[in-house]
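Listed below are the residues making up each chain.
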Amino acid sequence: MVRPASCSDQVQFAEAASMGHLLSFADKMHKPVFLYFCVPWVEPCKRMEQYVFTQNEMASYYNRNFINYKVNVEGSHAASDLANKFGVTSFPTMVYVDGKGKVMRRHTGPATAAQLLEIGYFLHEAVEKEYLTLGGR
C-alpha cells in the first residue's frame, strides 16, 4: 500500500512498503516518481529539507505532478540497495523514474527550488509532447 501525499505547502513524501508498490501506484496514477536520496546528517540534505522542499510553488507543483519518495540511505538495507540500484554515491541525489522504474532524469548534489521546478516543468512537457513516456501505456 502507498499512502499518497496530502495537500501541503511543503513537499509531501509518500510511504510505501516497497519500491514495487510505489512504482505500481505511480503507474496507476500516471505520474513519474521523484526519488530523493539523502542521509540525515549530511549538511546539503538538511538544507534541502529546510529551505527547498518548503518553498510553496515548488512543493505544490511536485505534490500535484509527482509521487515523491524520500530514501534515507542509512535507514535500512532496502534503502541502501535502492541507492545501489540507481548508482547513487553522493547525497543528496534526485532521480526521476517512470512507473516501470526507468530513469527519466537525475540530479546529483544540492538543488534550489527553482532548479527542481525547471526539471519538473521539463519532464512534464516532455511527457505531454511524448518525448518521454511514463512506461505503462
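In case you missed it, the structure is sitting above this.
Residues numbered from 1 in each chain as written. Predicted model: local features only at pLDDT ≥ 70, side-chain atom pairs only at ≥ 80, totals over all residues. Heavy atoms only, no water.

1. Here we look at the environment of Ala78
Positionally, Ala78 belongs in helix H4 (residues 77-85). Sequence separation between Ala78 and Cys38 is 40 residues, and the spatial gap between their C-alpha atoms is 14 Å. (Helix = DSSP H or I, 4+ residues; strand = E, 2+ residues; numbered from the N terminus.)

2. Looking at the pattern of salt bridges
Considering all chains together, one arrives at three salt bridges under this definition. Of the charged contacts, one joins Glu49 and Lys70 as a salt bridge, the two residues approaching to 2.9 Å between their closest N and O atoms. Of the two residues, Glu49 is situated in helix H2 (residues 43-52) and Lys70 in strand E4 (residues 67-72); the sequence distance between them amounts to 21 residues. The partly exposed category is assigned to Glu49, whose relative accessible area is 29%. Exposure remark for Lys70: the relative accessible area of 33% places this residue in the partly exposed category. (Salt bridge = Lys/Arg side-chain N within 4 Å of Asp/Glu carboxyl O. Buried < 20%, exposed > 50% of the residue type's maximum accessible area, 1.4 Å probe, protein only.)

3. Considerations on the packing of helix H3 (residues 56-65) against helix H5 (residues 113-128)
Running from amino to carboxyl end, H3 crosses H5 at an angle of 30°, the nearest separation of the two axes being 9 Å. The orientation of H3 with respect to H5, classified from their angle, is roughly parallel. Along this stretch, H3 crosses H5, giving a crossing that reads as left-handed. From H3, Glu57, Met58, Tyr61, Tyr62 and Asn65 reach across to H5, where they touch Ala113, Leu116, Leu117, Ile119, Gly120, Tyr121 and His124. (Axes fitted to C-alpha atoms, helices over the stretch in contact; angles between N-to-C directions. Parallel < 35°, antiparallel > 145°, perpendicular 65-115°, else oblique. Left-handed = near helix turned anticlockwise from the far one by under 90°. Contact = heavy atoms within 4.5 Å.)

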